[in-house]
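Coordinate analysis (summary)
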Amino acid sequence: MTKDLTKGSPLRLILYFAFPTYLGMLFQQFYNIVDTVIVGKLLGIRALAGVGATGSLNFMVLGFCMGLCSGFAIPIAQKFGAQEFSQLRKYVANSYWLAAICSVLLTVPVCLFCRPILRLMNTPEDVFEYAYRYIFIIFLGIPAAFLYNILAGILRSLGDSKTPVVFLALSSAMNIALDIITIRLFGMGVEGTALATVISQAVSGIICLFHMKKRYAILRMNSQERRPDKRCMGRLCYMGIPMGLQYSVTAIGSLIIQATMNGFGSSAVAGATAAQRINGFLACPVEALGATMAPYTGQNMGAGKLERIGQGVKAASLCGFGCSAVLYAVVALFGRDLVCLFLDVPDEQVIGYAAQFLKITVSGYCLLTLVNVVRFSIQGMGFSVLAILSGVMEMIARALAGLVIAPRLGFTGVALGHPMAWIFADAFLIPTFFLCRKKVEQRQREFAG
């Protein structure tokens, strides 16, 4: 069930690992799109705008969860590459302890303060209650998000990118079914959609946990390996917290963009929401390549095969550039048609906002490729703290777009926020990658000497 990423063609291994990850992201985005269609078609544009108005806040909080779990998985990947299996199991056990603690510490405050935060974000009054009812339930489900993400991160660190896809597909299918049941059968509104998300993720995570206990002999621990270990927890926090904060810091810029966009009214919010859903679907190949680089780099780092890290970055980047060109052509030809899938009644103003947002965002996918591939490679080498700085660069760019450019260019300035963020991040990440690799090579020579 595991896969050694330290032997064989980097390109072949990356594609082998990335493809199931890509399928998993497609399942997730397919759910997101169906979820948006269900909300837009059955509950109307205001409900759609309400859900969309929470997007940046949702990403800031759950992004921290995903980043934290991804960071926890890097020491596990390094120990797998080094074939130190007892230490690997200690890191797995301590990642469970930390995920449980963090889920409680995160859930309580965000549930208490989500209403004031939505006010600070300038959420339109006509969609405010939709937004609040949706995001409050999503935040109650943070422990379920931790459960799935920590298990998926562990599996990917062991080179298994297929099993997480199976459980993600299960979660997505269950989510869609529960969406229809809660809205059609029980007459619930956006809260039914949120409840469906939480339940399906929790059930999928629990089943995945039992599956791992049964099928992964490498993870079977003795009593000593299960115990909390301060040193392991310290290393996990050193890797995980910066990655989590990187997502959250990045999302602060998105919150500024969201607040600015909210000021353009519910039609602009609905259009951007539809565009973001499509964008999430189209970006899956680029995101999958990035997600592949953390376990790939981590395993090769643990095995001391540093030359393969550069080879992998080059191969993944070239694949991403090719995908970016194809995706831009798709948006140029079919962008407006895709947007219409999300609306109960064709609204030319909403369609115009969505098509413009989508075209500007997709034009920057080559930049996004480098952000994902290089950032995750840096993290896989063990320099997780630098992830915060790249997130700061993205935050600065989005803040400039929302506070400086948007007042002058209107909605176009909001749409430019994402490409600008990727430019700023790449300007930091690319030279940083070479500096990190040089430092690792120097450290390796000193150790060998």
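For the structure itself, look to the data block above.
These notes cover the structure that comes with them. (Residues numbered from 1 in each chain as written. Predicted model: local features only at pLDDT ≥ 70, side-chain atom pairs only at ≥ 80, totals over all residues. Heavy atoms only, no water.)

The next thing to look at is the side chain of Ser-157. Within the fold, Ser-157 resides in helix H6 (residues 142-157). A distance of 2.6 Å separates the side chain of Ser-157 from the backbone oxygen of Ile-154, its partner in a polar contact. Setting aside residues up to four positions removed in sequence, Ser-157 forms contacts with Ala-73, Ile-76, Ala-77, Phe-80, Pro-295 and Gln-299. (Helix = DSSP H or I, 4+ residues; strand = E, 2+ residues; numbered from the N terminus. Polar contact = N/O pair within 3.5 Å; in protein donor to acceptor, adjacent residues only side chain to side chain. Contact = heavy atoms within 4.5 Å.)

We now examine the packing of aromatic side chains. Counting across every chain of the model gives seven aromatic pairs. A ring pair is formed by Phe-80 and Phe-85, whose centres lie 6.2 Å apart and whose planes are at 55°; its orientation type is tilted. Residue classification places Phe-80 among the buried residues on the basis of a relative accessible area of 6%. The class for Phe-85 is partly exposed, based on a relative accessible area of 28%. Seen in terms of ring centroids, Tyr-365 and Trp-422 are 6.5 Å apart; in terms of plane orientation they differ by 55°. Their pairing is tilted. Here Tyr-365 is found in helix H15 (residues 365-380), whereas its partner Trp-422 is found in helix H18 (residues 417-448), with 57 residues between them in sequence. (Phe/Tyr/Trp six-rings, centres within 6.5 Å; stacked < 30°, edge-to-face > 60°. Buried < 20%, exposed > 50% of the residue type's maximum accessible area, 1.4 Å probe, protein only.)

Moving on, we come to the environment of Asp-126. Among the secondary structure elements, Asp-126 is positioned in the loop between helix H4 (85-120) and helix H5 (128-140). Asp-126 gets classed as partly exposed once you look at its relative accessible area, which sits at 33%. The spatial distance from the C-alpha of Asp-126 to the C-alpha of Gly-50 is 8.5 Å, given a sequence separation of 76 residues. Beyond its immediate sequence surroundings of up to four residues, Asp-126 is in contact with Arg-46 and Ser-266.

Turning our attention to the environment of Leu-23. Tracing the backbone shows Leu-23 in helix H1 (residues 10-43). Here Leu-23 falls in the partly exposed class, since its relative accessible area comes to 31%. Remark: the alpha-carbon pair of Leu-23 and Ala-288, spanning 265 residues in sequence, is separated by 8.8 Å.

Turning our eyes to something else, we now look at helix H11 (residues 266-282). In this model H11 runs 24 Å from its N-terminal to its C-terminal C-alpha over 17 residues, within 8% of the 24 Å that 1.5 Å per residue would give. With 15 of its 17 residues buried, H11 lies for the most part within the structure. (Expected span 1.5 Å × (residues − 1).)

For an α-helix, 3.6 residues make a turn, and residues three or four places apart therefore share a direction. Along its 16 residues, H6 runs 22 Å from first to last C-alpha, staying within 8% of the 22 Å computed at 1.5 Å per residue. Of all the 16 residues making up H6, 13 are buried; the element is thus mostly covered by neighbouring parts of the structure.

In this section: the pattern of salt bridges. Opposite charge on two side chains permits them to pair, given that their charged atoms come into close proximity. A complete count under the given rule lists eight salt bridges for this structure. For Arg-115, the salt bridge goes to Glu-129, with nearest N and O atoms at 3.2 Å. Here Arg-115, found in helix H4, pairs with Glu-129, found in helix H5; they are 14 residues apart in sequence, far enough to count as distant. Take Arg-115: its relative accessible area is 30%, and that puts it in the partly exposed class. According to the relative accessible area criterion, Glu-129 is partly exposed, its value standing at 37%. Among the salt bridges present, the one from Glu-394 reaches Arg-375, with a minimum N-O distance of 2.3 Å. Residue Glu-394 is found in helix H16 (residues 386-409), and its partner Arg-375 is found in helix H15; the two are separated by 19 residues along the sequence. Each member of the pair, Glu-394 as well as Arg-375, carries the same accessibility label: buried. Taken together, the salt bridges that share partners define one network made up of Arg-375, Glu-394 and Arg-398. (Salt bridge = Lys/Arg side-chain N within 4 Å of Asp/Glu carboxyl O.)

The interhelical angle for the contact between helix H10 (residues 230-262) and H15, taken along N-to-C directions, is 160°, at an axis separation of 11 Å. The angle between H10 and H15 falls in the class roughly antiparallel. Two packed elements cross with a definite hand, and for H10 against H15 that hand is right-handed. Each of Met-239, Met-243, Gln-246 and Tyr-247 in H10 lies in contact with H15, whose residues at this interface are Arg-375, Phe-376 and Gln-379. Of the residues contributing to the contact of H10 with H15, the split by class is four nonpolar, two polar and one charged. (Axes fitted to C-alpha atoms, helices over the stretch in contact; angles between N-to-C directions. Parallel < 35°, antiparallel > 145°, perpendicular 65-115°, else oblique. Left-handed = near helix turned anticlockwise from the far one by under 90°. Nonpolar A, V, L, I, M, F, W, Y, C, P; charged D, E, K, R; others polar.)

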